[in-house]
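# Structural overview for review
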Amino acid sequence: MFESLNSIVEQCENSGGTKDFADVVIENEMRSSGTDCECVEEKMRAMWKAMLEAAHSYEDNLLSRSGLTGGDGGRFKKYASSQKTICGPFILNVITNALKMAESNACMKRIVASPTAGSCGVLPAVLVPLFEENKFEEDKIVKSLFVSAGIGQVIANRASISGAEGGCQAEIGSASAMAAGTLVYLYGGSARQIASAAGFSLQNLLGLVCDPVAGLVEIPCVKRNVVGAVNACSCADMALAGIEPRIPADEVIDAMRAVGIKMDSSLKETGLGGLAATPSAKKVGSSLAVS
């Protein structure tokens, strides 16, 4: 089990260029599971197939049971084709996919928790467009997911990936860090740049509270998947540009853990604080209770 991103980076650098970030994670998984490389990679390929299936099976006319969520993925896709947008084509596609995946989760469709169900839209939001635009072959995408897994494992070991324990920084923040590092890997960045991108992503979302309206993983959760995905893209580019963080990624993870411990319980998935405590949110909760 990896306890630090730096330990993975050092293994890559000490290999003399024979191992990259994904290789180190794969070797560790082979040892811990007692299976061979082919078996490990096929399990990850199944995860990727499930992500693709979830993206392709989105229904823009489907609403969640509460009626609070649904349709925004389709609505945004239509807007993205209007040629009157602020963001460019790739980011628009990322936003569309983040909305679709997170809404599918709220509508009880099959998704891949990465690392959690509430943050399931972040990682596929950046990977699905790259695959569909033929930027990378499936084998490369599947291997890149081991970078996501390695980053997520370190965060889970050093801090938390649970909103109930660490706030939304632990869910969307972790997912964003995983996505950022994975993007750097795909675009040929070094192991150290992968760690830098992950650290940047967590820094940007440090302190994010978990405040689901009416206790449902819908508002503001779905839109935060968009924030996590777009944040990942910007942080990956910063790392690839050679910008180095002043605070090492492992220390950022430790800071996230400390912030989570200090965070009031009302801000950790209880639905009692933050946006969940606003007048409008209370009205939503009351209306759902009545219905």
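Everything discussed here concerns the structure shown above.
Structure report, in brief. (Residues numbered from 1 in each chain as written. Predicted model: local features only at pLDDT ≥ 70, side-chain atom pairs only at ≥ 80, totals over all residues. Heavy atoms only, no water.)

## Structural notes on the layout of surface pockets
Put simply, the largest pocket is a space of about 590 Å³. In terms of lining, the largest pocket is formed by 27 residues, of which the most central are Met44, Met47, Leu145, Ser148 and Ala149. Elements represented by at least two residues in the lining of the largest pocket include exactly α2 (21-33), α3 (37-56) and α7 (138-158). A total of seven residues in the lining of the largest pocket trace back to one element, the largest contributor, which is α7. The residue makeup of the lining of the largest pocket, split by class, is 17 nonpolar, eight polar and two charged. Considering only enclosed or pocket space, the second largest pocket measures out at about 300 Å³ in volume. In terms of lining, the second largest pocket is formed by 16 residues, of which the most central are Arg192, Ala195, Ser196, Pro245 and Pro248. Contributing elements (two or more residues each) for the lining of the second largest pocket: α1 (5-14), α10 (191-205) and α12 (249-262). Among the elements that make up the lining of the second largest pocket, the one with the highest residue count is α10 (four residues). For the lining of the second largest pocket, the per-class residue count stands at nine nonpolar, four polar and three charged. (1 Å grid on protein atoms, 1.4 Å probe; cavity = no way out; pocket = protein on both sides within 12 Å on 5 of 7 lines; lining within 4 Å. Points joined across faces, edges and corners; volume = space filled by probe spheres on them. Helix = DSSP H or I, 4+ residues; strand = E, 2+ residues; numbered from the N terminus. Nonpolar A, V, L, I, M, F, W, Y, C, P; charged D, E, K, R; others polar.)

## Looking at the nonpolar core
One finds Leu5, Phe21, Trp48, Val126, Leu127 and Ile151 to be the most contacted residues of the largest nonpolar core, which totals 79 residues. Per element, the largest residue contribution to this core is 10 residues, and it comes from helix α9 (residues 172-186). Other than its neighbours up to four places away in sequence, Leu5 contacts Phe21, Gly150, Ile151, Val154, Ala195, Ala198, Ala249, Asp250 and Ile253. (Core = buried A, V, L, I, M, F, W, Y, C linked by side-chain atoms within 4.5 Å. Buried < 20%, exposed > 50% of the residue type's maximum accessible area, 1.4 Å probe, protein only. Contact = heavy atoms within 4.5 Å.)

## Some thoughts on the packing of α9 against α10
Interhelical geometry of α9 versus α10 gives an angle of 150 degrees and a closest axis separation of 8 Å. Between α9 and α10, the interaxial angle falls into the category roughly antiparallel. Crossing handedness for the pair α9 and α10: right-handed. The residues of α10 that touch α9, namely those facing Ile172, Gly173, Ser174, Ser176, Ala177, Ala180, Gly181, Val184 and Tyr185, are Gln193, Ile194, Ala197, Ala198, Ser201, Leu202 and Leu205. For the contact of α9 with α10, the class distribution of residues is 10 nonpolar, six polar and no charged. (Axes fitted to C-alpha atoms, helices over the stretch in contact; angles between N-to-C directions. Parallel < 35°, antiparallel > 145°, perpendicular 65-115°, else oblique. Left-handed = near helix turned anticlockwise from the far one by under 90°.)

## A word on unusual backbone geometry
A cis amide bond links Ser114 to the next residue, Pro115, at an omega of 5 degrees. For Pro115, the location among the structural elements is in the loop between α5 (89-106) and α6 (122-132). Following Ile219, the chain continues into Pro220 via a peptide bond in cis, with omega recorded as 0 degrees. Of note, Gln83 is a non-glycine position whose phi angle comes to about 60 degrees, a positive value. As for its placement among the helices and strands, Gln83 is situated in the loop between α4 (72-80) and α5.

## With respect to α10
Here α10 contains 15 residues, and its C-alpha end-to-end distance of 22 Å stays within 8% of the 21 Å for a straight helix at 1.5 Å per residue. For α10, a buried count of 11 out of 15 residues is recorded, marking the element as mostly surrounded by other parts of the structure. Among the residues making up α10, those that are buried are Ala191, Ile194, Ala195, Ser196, Ala197, Ala198, Gly199, Phe200, Ser201, Leu202 and Leu205. Backbone geometry just downstream of α10 places Gly207 in the positive-phi region, at approximately 90 degrees. (Expected span 1.5 Å × (residues − 1).)

## Thoughts on the environment of Cys37
Its place among the elements puts Cys37 in helix α3. Distance from Cys37 to Leu205, taken between C-alpha atoms, is 35 Å for residues 168 residues apart in sequence. Aside from chain neighbours lying at most four places away, what touches Cys37 is Ile26 and Met30.

## Observations regarding α6
With respect to burial, α6 is a largely interior element, nine of its 11 residues being buried. Among the residues of α6, Val122, Leu123, Pro124, Ala125, Val126, Leu127, Val128, Pro129 and Leu130 are the ones counted as buried. Where α6 is buried, its residues meet α3, α5, α7, α9 and α11 (221-240). Phi for Asn134, located one or two positions after α6, is positive at around 60 degrees.

## Considerations on the pattern of salt bridges
The final tally for this structure, using the stated rule, is 15 salt bridges. When the shortest N-O distance is used, the salt bridge between Glu53 and Arg110 registers 3.8 Å. Separated by 57 residues along the polypeptide, Glu53 in helix α3 and Arg110 in the loop between α5 and α6 bring together distant segments of the chain. Looking at Arg110, the relative accessible area reads 59%, which means it is exposed. Taken together, the shared-partner salt bridges in this structure form one network comprising Glu42, Arg45, Lys49, Glu138 and Asp139. (Salt bridge = Lys/Arg side-chain N within 4 Å of Asp/Glu carboxyl O.)

Honestly, that's just the spatial picture; any functional story needs more than this.
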